[in-house]
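Close look at the chain arrangement
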Amino acid sequence: MNVAPATSTSELGKTVCAAIVIFMIFTPLNATESITVVSWGGAAQKAHEDGYFHSFEEVTGIEIQVTEYNGGLAQIRAQVESGNVNWDLVSVESQDKVIGCDEGLLEVLDDLELPDGPDGTPAEEDYLEGSLSDCSVGTITWSTIIAYNANSFETDPPTTMADFFDLEKFPGKRGIRRIPEVNLEFALIADGVPVDEVYDTLSTDEGVDQAFAKLDSIKDFLVIWEAGAQPPQLLADQEVLMTTAYNGRIFNAQTVEKQPFVIIWDGQVRDYGQWVIVAGSPNLKNARRFLQHVALSSSLAGVANRISYGPVRRSAWDLVDKHIPTGIDMRPHMPTHPDNSKNVLTSDAEWWADHKDELTERFSAWLSK
Amino acid sequence: MKPQNYSERRGRWIPIMLVAPLVAFIGVTFIAPLGSMLKESVYDAEVANTLPGTVALLTQTWDRESLPSEEIYRKLASELIERSTEDRSVIGKVANRVNRLVPGTRSVWGKTARKLKNIEASDFRATLIDIDDRWEELELWHGIRQAGQKFSSRNYLHALDLEVSDEGNVVRVEEEKRAYVTLYLRTFYVAVTVTILCLLLGYPIANAIANASPTVSKILLILVLIPFWTSLLARTSSWIVLLQGQGVINDILVAIGWVQDDQRLSLMYNMFGTLVAMTQILLPFMVLPIYSVLNSMPPSYMRAAASLGANPIQAFTRVYWPQSLPGVYAGSLLVFILALGYYITPALVGGTKGQLISNMIAYHINNNNWGLGAAISMIVLVSVMLLYLLFDRWIGINKLKLS
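Worth saying up front: this structure is predicted, and the values here are computed from it rather than measured.

Regarding the overall build of chain B
Of regular secondary structure, chain B possesses 19 helices and 2 strands. Compactness check: chain B gives a C-alpha radius of gyration of 30 Å against a globular reference of 22 Å for 403 residues, more than 25% above the reference. Seen through its principal axes, chain B has C-alpha atoms that stretch 100 × 85 × 35 Å. Sequence-distant contacts, at least 24 apart, represent 70% of the contacts inside chain B between residues at least 6 apart. Counting only carbon and sulfur atoms, one obtains 63% of the accessible surface of chain B, whose full area is about 21500 Å². Charged side chains of chain B number 36 positive and 31 negative; the gap between the two group centres comes to 17 Å.

This is the structure in structure tokens:
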């Protein structure tokens, strides 16, 4: 009884030693270069991985370590300020790109050479306006839209942004995200403010009051969501009549899960998905190579053929074709398709970087009253 | 005193040595962060250190009623150019601080710093206003002056929906901007209600477990513990499945005809859902301390009460209940304090009113506003400590019994 533990301890010791020796022998052989890429998880991340992560690994031999996060600059800031940077590339929201770039949390990329489009268009002309910046390289266009479950309407379904706020015509609950971004824009669009005047209107106190008053008119019927996975669930359960949602999530539910969901493209608020490099990235050279790979039209189309997030380069549009898992035509599902783009607002990241603190407080105050 | 022998002296040191690691651990992981949090909430030297000259001039020479002098504009311009050449990130941090005081001015800074580098200016006031007309706004200069104070109570004022008016008085902010006081009150209301509900539901269960036969009490105890071991998110999601409009409870009510299909009950996305889910999740913290106290109470006391002529109600109120109080206090304190810090459950099932004060703390920490996050946390911490002191004064902390 008292001998056995001694034996097992020494055996354990041997095993550990052996493991260390083996590890030391094999590590140099396996020490391929790698980069750490941080994204949001879910169907969209899968589309990026299949769309171009794997081809990057094949072409360069650089291994990609994928990590997930929930947005925000807190983790990037902690790494940069402690000087212990272990993320290389991060997919960030537009306003975080602006703030992070101003605060020196992100590498400046103004000297990064991006490949021309397949038709020879130089990168600067090929990218949609606003999808390239000093600190970021865009990948996809995505939109926040209104969606509903066709089973909830026998006749006359809603078709416009104004319908989302019309409780008389469409009595029932509405889902919105627990942040002021996009919701204030939606409220003004529904109130008849033309999309090109939305941010000018919001820059005045009266404009902000107008947006909150419009939201107030449906407040008693609001269901608040936090994560992008919730809206499709709320619609599937018919817990809400309509909800704001990310267009790719609804597309995924429509095609992969065969849900009878419908998107109202009117008044969509469009934004860009962007890659940034964390300042002080230990693999800066390889991270920049990654961005050059992302910029290939084939990479962008690789994503667009897996989820309905459109490419940010005009030249990649011609490569958008069939949805790889189901074979349906991707183009009519893209937020950038002409039929869907009749009334579009592009989110103004600079404006939100200026006003986010103030409006988030007011929005929470409004919600909790 | 008789001289201490070796073993006695050693006997005194051993307990101290044994607790030393814990004391060190608490010092490093609890006391030190608390101290630094307290400091964060009142001290911020970012603006003062980046623009020392400008801040000094604004404090000493500016009349605060008209635009600052050309000298101040020139000083600001030179400090902006100098600092942004050394380290491009510091201007962003200043912008961040000032934007909190004067919303909508963040982008002024980066833009001005970039453009100034390519301009040979003589009249700096005109040049700055030309770059961005927000340099003509008094409010922005007030913001810079205020942000330049290293020590300030602005985070605490902000966290209590107060501000310093132009006349220098502390006043409440405009009605539609008041965010925090409602949230503290709601958080306390939720915590108190959940504690009462847990007590009403938990006491009979604890009593049943303590007095049932060993087999039954084991089964009951397991039933209390299994949810306790289950992930918080899983339990919250299960409540969504049960409570939602097309959920299990509504389906059953419709099936047995108590509720019309088009008039399903709103059981969640309101306060009801929050209270139900939080009560269920926190119930074990009430049941276990009460159970452990009841379990160690000799059954002979109740028999004695009965044999002395007390009816069951008298026996309960005068013998059983008073003896169970240490468990009730402990359970209530545990549930109350845990409920104060909850935010995932209310956020998921609480609807528009599901935001509690912890959500705002998390928001500000994530957005690098450590000062405000720390101030809110300190206000919550101090309120809890006051309640604890009141509890000690009225009831006595030594009456608390966890097992």
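Concerning a negative patch on the surface
All names here are of chain B. On the surface, Asp 133, Glu 136, Glu 137, Glu 139, Glu 163, Asp 166 and Glu 167 cluster together into a patch of negative charge. For Glu 167, the position within the fold is in the loop between strand E1 (162–164) and strand E2 (170–172). Glu 167 gets classed as exposed once you look at its relative accessible area, which sits at 64%.

What about unusual backbone geometry?
We note that A:Gln238 has phi near 50°; this positive angle belongs to a residue other than glycine. Position of A:Gln238 relative to the elements: it lies in the loop between helix H10 (230–236) and strand E8 (242–246). You will see that B:Tyr269, though not glycine, has its phi angle at about 60°, which is positive. Along the chain, the position of B:Tyr269 falls in the loop between helix H13 (248–255) and helix H14 (271–295).

Quick notes on the domain arrangement of chain B
By domain assignment, chain B separates into domain 1 (1–37), domain 2 (48–147) and domain 3 (180–399). The distance between the C-alpha centroids of domain 2 of chain B and domain 3 of chain B comes to 52 Å.

Brief notes about the nonpolar core
Residue and element names in this part refer to chain A. Ile 35, Val 37, Leu 89, Ile 250, Trp 275, Phe 290 and Leu 291 are the most contacted members of the largest nonpolar core, which has 60 residues in total. No other element matches strand E9 (residues 261–277), which puts 6 residues into this core. If sequence neighbours within four positions are ignored, Ile 250 has contacts with Ile 145, Ala 147, Pro 232, Leu 235, Ala 245, Phe 261 and Ile 263.

Some details on the packing of aromatic side chains
Applying the stated criterion across every chain, the model contains 29 aromatic pairs over all chains. With centroids separated by 5.4 Å and ring planes inclined at 80°, the aromatic side chains of A:Phe164 and A:Phe165 adopt a geometry described as edge-to-face. A:Phe165 matches A:Phe164 in its accessibility class, with the two residues each being buried. Where B:Phe188 meets B:Phe336, the ring centres are 6.1 Å apart and the plane angle is 45°; that geometry is what we call tilted. Here the residue B:Phe188 occupies a position in helix H10 (residues 180–211), and B:Phe336 occupies one in helix H16 (residues 312–340), the gap between them amounting to 148 residues. Taken together, A:Tyr52, A:Phe53, A:Phe56, A:Trp275 and A:Phe290 form an aromatic cluster joined through their ring pairs. The ring of A:Phe164 is capped by A:Arg174, whose NZ or CZ atom sits 6.0 Å from the centre of that ring. Here the basic side chain of A:Lys219 rests over the ring of A:Trp366, its NZ or CZ set 5.2 Å away from the ring centre.

Re helix H7 (residues 124–131) of chain B
Residues and elements named next belong to chain B. Listed in full, the buried residues belonging to H7 are Phe 124, Thr 127, Leu 128, Ile 129 and Ile 131. For H7, the secondary structure elements touched by its buried residues are helix H4 (70–86) and helix H6 (106–116). Its side-chain oxygen placed 3.3 Å from the backbone nitrogen of Arg 125, Asp 123 serves as the N-cap of H7.

Some points on the side chain of A:Thr36
Looking at the secondary structure, you find A:Thr36 in strand E1 (residues 34–39). Excluding anything up to four places from it in sequence, A:Thr36 contacts A:Gln65, A:Thr67, A:Asn86, A:Trp87, A:Asp88 and A:Leu89.

Quick look at the interface of chain B and chain A
Interfaces are often sized by the amount of accessible area the parts lose when they come together. With 42 residues of chain B at the contact, the number on the chain A side is 40 residues. Here chain B meets chain A over a buried area of about 3500 Å², counting both sides, of which 46% is carbon and sulfur. Interface area lost by chain B to chain A is led by B:Arg88, B:Arg106 and B:Thr352, which between them contribute 19%. At the surface where chain B touches chain A, the tally comes to 3 salt bridges. The shortest N-O distance in the salt bridge between A:Glu103 and B:Arg106 comes to 3.9 Å. Along the contact surface separating chain B from chain A lie 14 residue pairs in polar contact (both at pLDDT 80 or more). Elements with a contribution of two residues or more to the side of chain B that touches chain A: helix H5 (89–101), H6, H10, helix H17 (344–349) and helix H18 (357–366) of chain B. When residues of the side of chain B that touches chain A are assigned to their parent elements, the largest contribution, 6 residues, is made by H5(B). Residue composition of the side of chain B that touches chain A, grouped by class: 11 nonpolar, 21 polar and 10 charged.

Here's the deal with the state of the cysteines
All names here are of chain A. Per the counting criterion, the structure on display carries 1 disulfide over all chains. For Cys 101, the disulfide goes to Cys 135, at an S-S distance of 2.0 Å. Residues Cys 101 and Cys 135 are joined through a disulfide that is right-handed, its torsion about the S-S bond being 70°. Of the two residues, Cys 101 sits in helix H4 (residues 94–102) while Cys 135 sits in the loop between strand E4 (132–133) and strand E5 (136–149), which places them 34 residues apart along the sequence.

As for the packing of helix H3 (residues 52–60) of chain B against H4(B)
Between two packed helices, the angle of one axis relative to the other and the distance separating the axes together describe the packing. All names here are of chain B. Viewed as axis vectors pointing N to C, H3 and H4 meet at an angle of 160°, and their least axial separation amounts to 8 Å. It follows that H3 is roughly antiparallel to H4 by the angle criterion. The way H3 lies across H4 gives a crossing that is left-handed. Listed contacts from H4 to Pro 52, Gly 53, Thr 54, Leu 57 and Leu 58 of H3 are Glu 71, Ile 72, Lys 75, Leu 76, Glu 79 and Arg 83. Taken together, the residues of the contact of H3 with H4 sort by class into 5 nonpolar, 2 polar and 4 charged.

Section: the confidence of the model for chain B
Residues and elements named next belong to chain B. The predicted model of chain B averages 87 in pLDDT, with 98% of residues at 70 or higher. When pLDDT is averaged over each helix and strand of chain B, the minimum, 84, is found for H17 and the maximum, 93, for H10. Across the interfaces of the predicted complex, the ipTM metric reaches 0.77, alongside a pTM of 0.82.

With respect to the pattern of salt bridges
Once the charged atoms of two side chains with opposite charge are near each other, the side chains can pair. Applying the stated criterion to the full structure yields 24 salt bridges over all chains. With a closest N to O distance of 3.5 Å, A:Asp163 and A:Lys169 form a salt bridge. Among the residues examined, A:Asp163 registers a relative accessible area of 7% and is labelled buried. On the basis of relative accessible area, A:Lys169 is assigned to the exposed category, the value being 54%. Of the charged contacts, one joins A:Arg178 and A:Glu226 as a salt bridge, the two residues approaching to 2.4 Å between their closest N and O atoms. With a gap of 48 residues between them, A:Arg178 in the loop between strand E6 (174–177) and helix H7 (183–190) and A:Glu226 in the loop between strand E7 (222–225) and H10 connect regions that are remote in the sequence. Using a relative accessible area of 12% as the deciding quantity, one classes A:Arg178 as buried. A:Glu226 gets classed as partly exposed once you look at its relative accessible area, which sits at 35%. Counted as one network, the salt bridges with shared partners bring together A:Asp354, B:Lys111, B:Asp132 and B:Arg134.

The rules behind each value
Within any chain, residue numbers begin from 1 and follow the written order of that chain's sequence. Numbering of ligands from 1 and lettering of chains from A proceed in the order in which they are written. Confidence filtering applies because this is a predicted model: local features only for residues at pLDDT of at least 70, side-chain atom pairs given and counted only at 80 or more, and all residues used for totals across whole chains, interfaces and linings. Note that the side-chain values use all heavy atoms of the structure and ignore hydrogens as well as water. A run of DSSP states H or I qualifies as a helix once it reaches four residues; a run of E qualifies as a strand once it reaches two. Both are numbered from the N-terminal end. Only C-alpha atoms enter the radius of gyration; for comparison, a globular chain is expected to reach 2.2 Å times N to the power 0.38, where N is the number of residues. Any two residues having at least one pair of non-hydrogen atoms within 4.5 Å are treated as being in contact. Computed with the Shrake-Rupley method and a 1.4 Å probe, the accessible areas treat only the protein chains shown as cover for residues. Positive charge is attributed to Lys and Arg, negative charge to Asp and Glu, and no charge count is given to His or to the chain ends. Note that the charge is assigned to NZ on lysines, CZ on arginines, CG on aspartates and CD on glutamates. Like charges within 9 Å and nonpolar side chains (Val, Leu, Ile, Met, Phe, Trp, Tyr) within 5 Å are joined into patches, using only residues over 30% in relative accessible area that form no salt bridge. Any carboxyl oxygen of Asp or Glu that lies within 4 Å of a side-chain nitrogen of Lys or Arg is treated as forming a salt bridge with it. Buried means the residue's accessible area, taken with a 1.4 Å probe over protein chains only, is under 20% of the maximum for its type, while exposed means over 50%, and partly exposed covers the values in between. The domain boundaries here were taken from an automatic or database domain assignment. Nonpolar core, defined: a set of buried Ala, Val, Leu, Ile, Met, Phe, Trp, Tyr and Cys residues in which side-chain atoms within 4.5 Å join the residues together. Note on aromatic contacts: the rings of Phe and Tyr and the six-membered ring of Trp form a pair at centre separations within 6.5 Å, being stacked when their planes are under 30 degrees apart, edge-to-face when over 60 apart, and tilted otherwise. The rule for a charge over a ring is simple: NZ of Lys or CZ of Arg within 6 Å of the ring centre, and within 35 degrees of the ring normal. In protein, a polar contact means a hydrogen-donor-capable atom and an acceptor-capable atom, both N or O and within 3.5 Å, with residues adjacent in sequence counting only if both atoms are side-chain atoms; elsewhere, any N or O pair within 3.5 Å suffices. Accessible surface is computed with a 1.4 Å probe, and the buried area is the amount of it that two parts give up when combined, taken over both parts together. Just so you know the grouping, Ala, Val, Leu, Ile, Met, Phe, Trp, Tyr, Cys and Pro go in nonpolar, Asp, Glu, Lys and Arg go in charged, and all remaining residues, Gly too, go in polar. By convention in this document, the label disulfide applies to cysteine sulfur atom pairs within 2.5 Å. Helix axes are fitted only over the stretch in contact, all axes being lines through C-alpha atoms; the angle between N-to-C directions runs from 0 to 180 degrees. Any angle from 65 to 115 degrees is called roughly perpendicular, while one under 35 is roughly parallel, one over 145 is roughly antiparallel, and all others are oblique. Helix crossings are classified by the rotation of the near helix relative to the far one: an anticlockwise turn of less than a right angle makes the crossing left-handed, while a clockwise turn makes it right-handed. Confidence scores per residue from the predictor, reported as pLDDT, run from 0 to 100.

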